Amino acid sequence: MSFYDDYVARTPMSGKEAKRAQAIIPGGVGSAIQFWPPYPIMIKDSQGPYVWDLDGNKYIDYCMCYAAMVAGHADPVIAQAIKEQADKGILFGLPGISATDLAEEIQRRYPVIEMLRFTQSGVEATMYAVRLARAATGKMGVLKVEGAYHGASDILLVSTAVPTNTAAGPEWMPSSVAESAGIPEGTWKHTHVVQFNHLESLEYQLSKHEGEIACFILEPCMTNGGVIPPDPGYLEEVRKLTRKYNVLLIFDEVKVGARIAYGGACEKYGIEPDLVCLAKAIGGGTPLGAFGGRRDLMGLITPMGPAVHFGTYNANPLTTSAGLACLTKVLTKEKYKEMDRLGEKYAKGLKDIIKRLGLPACVTHEGPLGGIQFVPEIPHTYRQANQGNKGMWREYWYGMLSKGVIPMGSGWFEEYSISAAHKDKDIEETLNISEDVLKEVKKLA
Ligand SMILES: Cc1ncc(COP(=O)(O)O)c(C=O)c1O
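What you see is a predicted model, and the numbers here were worked out from it, not measured in a lab.

Draft legend 1. Just the domain arrangement of the protein chain, in detail. According to the domain assignment, the protein chain contains domain 1 (3–70 + 332–442) and domain 2 (76–330). Averaged C-alpha coordinates put domain 1 and domain 2 at centres separated by 25 Å. At the junction of the two partners, domain 1 supplies 35 residues and domain 2 supplies 39 residues. Viewed at the interface, domain 2 and domain 1 are joined by four salt bridges. A salt bridge links Lys255 to Glu415, with the shortest nitrogen-to-oxygen separation between them at 3.1 Å. Put simply, domain 1 and domain 2 have 19 residue pairs in polar contact (both at pLDDT 80 or more) between them. If you list the elements that add at least two residues to the side of domain 1 that touches domain 2, you get helix H3 (64–67), helix H13 (333–357), strand S11 (362–366), strand S12 (369–373) and helix H14 (382–385). Broken down by element, the residue count for the side of domain 1 that touches domain 2 peaks at five residues, all from H13. Residues belonging to the side of domain 1 that touches domain 2 are distributed by class as follows: 16 nonpolar, twelve polar and seven charged.

Written as structure tokens, this is what we have:
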């Protein structure tokens, strides 16, 4: 039996329920990324680093809702904060104090964030940050990185994947490719694309569109394309070039923020962007995002200025209480050290297995976030990562699932995410399973 057949054989209840869901919900899922063929597992329960599906199978989870569940599943401290707030009311459409408390906690971690506004998700955070940059500069152009995902807004859902045909353009001068039907040309034609870790590509676009670009938005450590850390010196040069061309620098830290370090990428790499976008970790698993940065820029937000930002659910007490409990009580500085230690242990373990097996694959990681890439050389760009052997990835995916591990998010370009709830024993068990699975994967090399 193949790993795929094993997977189907041990998940009949998920299959049955997925069929019911698919009749009424496209794909049976809330977001396309939650689907994989023939159906995803359907979750009954979760605790710490584990989830259980409808058939009672237990999984060690490294997807952790695409790195949002940094505290682990069903964390009791966060659950308590939610319960206490629910007893007092969950939505007023008027400010309460937990939003200010959380904003101050974020500012302690991110001194560069002088002011911030909360949103309900990462996509809103990036969308509003771009609007603010445009409002502040009066310029409409936006620069983004090829392969980077910043949420599915019309402005930024451009070149998030790279077609293998010529539509992608040369590596250092990628074309802009809208990634969904229904995006008007007028929206994406202002979005220009550069290659990550490629300064010539950046300078080319900055000089070609000089005077037109409002902002350069990038994930300082790319997490779409496995995990691709910045090359030494790259971000420093990015900061210099954006200043030279008078372009605002936006760090999209939706995934890495308060995740790869206490103060996220700004702290880890020692760079000061003009604006930062956050989500995932700051909400403790509830739908919460934020964008913030320089006071003079944030002062342009309504009602202080002309850049509109609205939202019925913005800064609601339920999500801000959960986020506050997560950041102040669960994700302490010691927890970051522990997640880093486990991240090192896991990456080293995987690298050792790959070496022992002579597998044409590599591991890239930044602390607890990482990726196994089925390419022989460490990739520095999305395009290089995209050369990976997709058949091997598929075998790895179903092999791990059928042995009780969700090894990463459900696509080759996703990452594994080690949470505050993972323990040494989980890492060790996962490495043993990985060795068994990768032995089979190697047969496809
Ligand atoms: C880097 C990055 N930015 C933005 C987003 C969009 O966030 P959300 O799914 O909360 O809208 C994501 C989602 O995974 C992301 O990884």
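Draft legend 2. Just the packing of helix H15 (residues 390–402) against helix H16 (residues 424–442), in detail. Contact geometry for H15 and H16: axes closest at 9 Å, N-to-C directions at 140°. The pairing of H15 with H16 is recorded here as oblique in orientation. Remark: the crossing between H15 and H16 carries right-handed chirality. Here Met392, Glu395, Tyr396, Gly399 and Met400 of H15 lie close against H16, whose contacting residues are Thr430, Ile433, Ser434, Val437, Leu438 and Val441. Of the residues in the contact of H15 with H16, the class split is seven nonpolar, three polar and one charged.

Draft legend 3. Molecular detail of the pattern of salt bridges. Taken as a whole and judged by the stated rule, the model has 20 salt bridges. Residue Glu440 is joined to Lys443 by a salt bridge in which the shortest nitrogen-to-oxygen separation is 2.9 Å. Through salt bridges that share partners, Glu338, Arg341, Lys345, Asp424 and Glu428 make up one connected network.

Draft legend 4. Summary view of the sheet that holds strand S2 (residues 50–53). Across the sheet, four strands lie side by side as S1-S2-S3-S13; this open sheet has mixed pairing. Of all the strands in the sheet, just strand S1 (43–47) and strand S13 (405–406) have a single pairing partner and so form its edges. Summarising the sheet, S2 and strand S3 (residues 58–61) pair through three bridges and their orientation is antiparallel. Across the sheet, the residue bridging to Trp52 is Lys58, located in S3.

Draft legend 5. Representation of a nonpolar patch on the surface. On the surface, a nonpolar cluster with roughly 280 Å² of combined accessible area is contributed by Ile90, Leu91 and Tyr313. Along the chain, Ile90 turns up in the loop between helix H4 (76–88) and helix H5 (97–109). Assessed through its relative accessible area of 45%, Ile90 is described here as partly exposed.

Draft legend 6. Spatial organisation of the site of the ligand. Around the ligand, the surrounding shell consists of Ser121, Gly122, Val123, Tyr149, His150, Gly151, Glu219, Asp252, Val254, Lys255 and Lys280. At 2.8 Å, a backbone N or O of Gly122 approaches an oxygen atom of the ligand. In this structure, an oxygen atom belonging to the ligand sits 2.8 Å away from a main-chain N or O atom of Val123. Summarising the interface, the protein chains cover 82% of the accessible area of the ligand, which totals 390 Å² for the free molecule. For the shell around the ligand, the residue count by class is three nonpolar, four polar and four charged.

Draft legend 7. How the structure looks around the environment of Pro49. Within the fold, Pro49 resides in the loop between S1 and S2. Apart from residues no more than four positions distant in its own chain, Pro49 is found in contact with Tyr59, Ile60, Asp61, His73, Ala421, His422 and Asp426.

Draft legend 8. Representation of the confidence of the model for the protein chain within the structure. On average, residues of the protein chain score 96 in pLDDT, and 99% of them reach the 70 mark or higher. Confidence, expressed as mean pLDDT per element, reaches its minimum in the protein chain at helix H7 (residues 185–188) with 88 and its maximum at strand S8 (residues 248–252) with 99.

Draft legend 9. Examining the packing of aromatic side chains more closely. The final tally for this structure, using the stated rule, is 16 aromatic pairs. Across from the ring centre of Tyr262, 4.2 Å away, lies the NZ or CZ of Arg109, which sits over that ring. Here the basic side chain of Lys333 rests over the ring of Tyr262, its NZ or CZ set 4.7 Å away from the ring centre.

What counts, and at which threshold
- Residues numbered from 1 in each chain as written.
- Predicted model: local features only at pLDDT ≥ 70, side-chain atom pairs only at ≥ 80, totals over all residues.
- Heavy atoms only, no water.
- Domains from an automatic or database assignment.
- Contact = heavy atoms within 4.5 Å.
- Salt bridge = Lys/Arg side-chain N within 4 Å of Asp/Glu carboxyl O.
- Polar contact = N/O pair within 3.5 Å; in protein donor to acceptor, adjacent residues only side chain to side chain.
- Helix = DSSP H or I, 4+ residues; strand = E, 2+ residues; numbered from the N terminus.
- Nonpolar A, V, L, I, M, F, W, Y, C, P; charged D, E, K, R; others polar.
- Axes fitted to C-alpha atoms, helices over the stretch in contact; angles between N-to-C directions.
- Parallel < 35°, antiparallel > 145°, perpendicular 65-115°, else oblique.
- Left-handed = near helix turned anticlockwise from the far one by under 90°.
- Pairing = 2+ DSSP bridges.
- Patch = residues over 30% accessible without salt bridge, like charges linked within 9 Å, V, L, I, M, F, W, Y side chains within 5 Å.
- Areas by Shrake-Rupley, 256 points an atom, 1.4 Å probe, with all protein chains shown as cover.
- Buried < 20%, exposed > 50% of the residue type's maximum accessible area, 1.4 Å probe, protein only.
- Near = heavy atom within 4 Å.
- pLDDT = per-residue confidence, 0-100.
- Phe/Tyr/Trp six-rings, centres within 6.5 Å; stacked < 30°, edge-to-face > 60°.
- Lys NZ or Arg CZ within 6 Å of the ring centre and 35° of its normal.

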